[in-house]
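Below, each chain spelled out in residue letters.
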Amino acid sequence: MTHLPPAGPPAGSLPGAPSVAGQVSVGRLMTAPPVTVAPDVTLAGATRLMAESAVGSLLVVEDGTLRGIVTDRDLALRGLGEGLPLDSRIDAVMSPRVVTLDAGDEIHEAYRTFRRTGVRRLPVLADGHPVGVLTLDDLLLDVFRRLADLLGPVAWSVLREPPGPQ
């Protein structure tokens, strides 16, 4: 597991709270709680859980510690693609080296980490334990919300003006 050094607020700040500089923290945008499985769950069980939870990844957790991550792609390529039986353990296809974020990290750190690693999902930790997952979709929704906030007043002013040439 790889955790990049935090570039966000000081240790001890509340996860999800805006940082000193007013930046949004990772904890505020992440999906929580994460959907987790034990390392001995079968491929079939993990696939069912993904479908029931409508997620594309599961955090593999043992005794509260993150051991890996498994994605729908891992199941398809490393599991079924390699001909593993459906009763194989999930830890046979998980990625054990996981890049993580801290819930208190500022969101710009998440952008930088996504760019540098090329992954689509990052587990989020608080005090070393998984508390959520931040996805590229979460960041995209944040961008859309910020654009809507920015463009909202402009859109209303346009709607108030009479149509046609003045």
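Relevant structure appears above.
Here is a short report on the structure shown in this document. Values in this document were obtained by computation on a predicted structure and should not be read as measured data. (Residues numbered from 1 in each chain as written. Predicted model: local features only at pLDDT ≥ 70, side-chain atom pairs only at ≥ 80, totals over all residues. Heavy atoms only, no water.)

Focus: the overall build of the protein
So, point 1. Looking only at helices and strands, the protein has five helices and seven strands in total.
So, point 2. Reading the helices (α) and strands (β) of the protein from amino to carboxyl end gives β-α-β-α-β-β-α-β-α-β-β-α.
So, point 3. Out of the 166 residues belonging to the protein, those deemed buried represent 39%.
So, point 4. When contacts within the protein are restricted to residue pairs at least 6 apart in sequence, long-range pairs at least 24 apart make up 60% of them.
So, point 5. In the structure as shown, the protein presents an accessible area of about 9,700 Å², 59% of it carried by carbon and sulfur atoms. (Helix = DSSP H or I, 4+ residues; strand = E, 2+ residues; numbered from the N terminus. Buried < 20%, exposed > 50% of the residue type's maximum accessible area, 1.4 Å probe, protein only. Contact = heavy atoms within 4.5 Å. Areas by Shrake-Rupley, 256 points an atom, 1.4 Å probe, with all protein chains shown as cover.)

Quick word on the side chain of S95
So, point 1. Within the secondary structure, S95 is located in the loop between helix 3 (72-80) and strand 5 (99-102).
So, point 2. Within the structure, S95 has its side chain in polar contact with the side chain of R78 (distance 3.2 Å). (Polar contact = N/O pair within 3.5 Å; in protein donor to acceptor, adjacent residues only side chain to side chain.)

A few points about the packing of helix 2 (residues 43-53) against helix 3
So, point 1. Relative orientation of the contacting elements helix 2 and helix 3 amounts to 150°, with a least axis distance of 10 Å. Judged by the inter-axis angle, helix 2 sits roughly antiparallel to helix 3. Here helix 2 runs over helix 3; the crossing is left-handed. The residues of helix 3 that touch helix 2, namely those facing L43, T47 and M50, are D72, L75 and G79.
So, point 2. Looking at the contact of helix 2 with helix 3 residue by residue, the class counts come to three nonpolar, two polar and one charged. (Axes fitted to C-alpha atoms, helices over the stretch in contact; angles between N-to-C directions. Parallel < 35°, antiparallel > 145°, perpendicular 65-115°, else oblique. Left-handed = near helix turned anticlockwise from the far one by under 90°. Nonpolar A, V, L, I, M, F, W, Y, C, P; charged D, E, K, R; others polar.)

Observations concerning helix 2
So, point 1. For helix 2, the full list of buried residues reads L43, A44, G45, A46 and M50.
So, point 2. Of the surrounding elements, those touching the buried residues of helix 2 are strand 3 (57-62), strand 4 (65-71) and helix 3.
So, point 3. Among the residues trailing helix 2, A54 stands out with phi positive, at a value near 55°.

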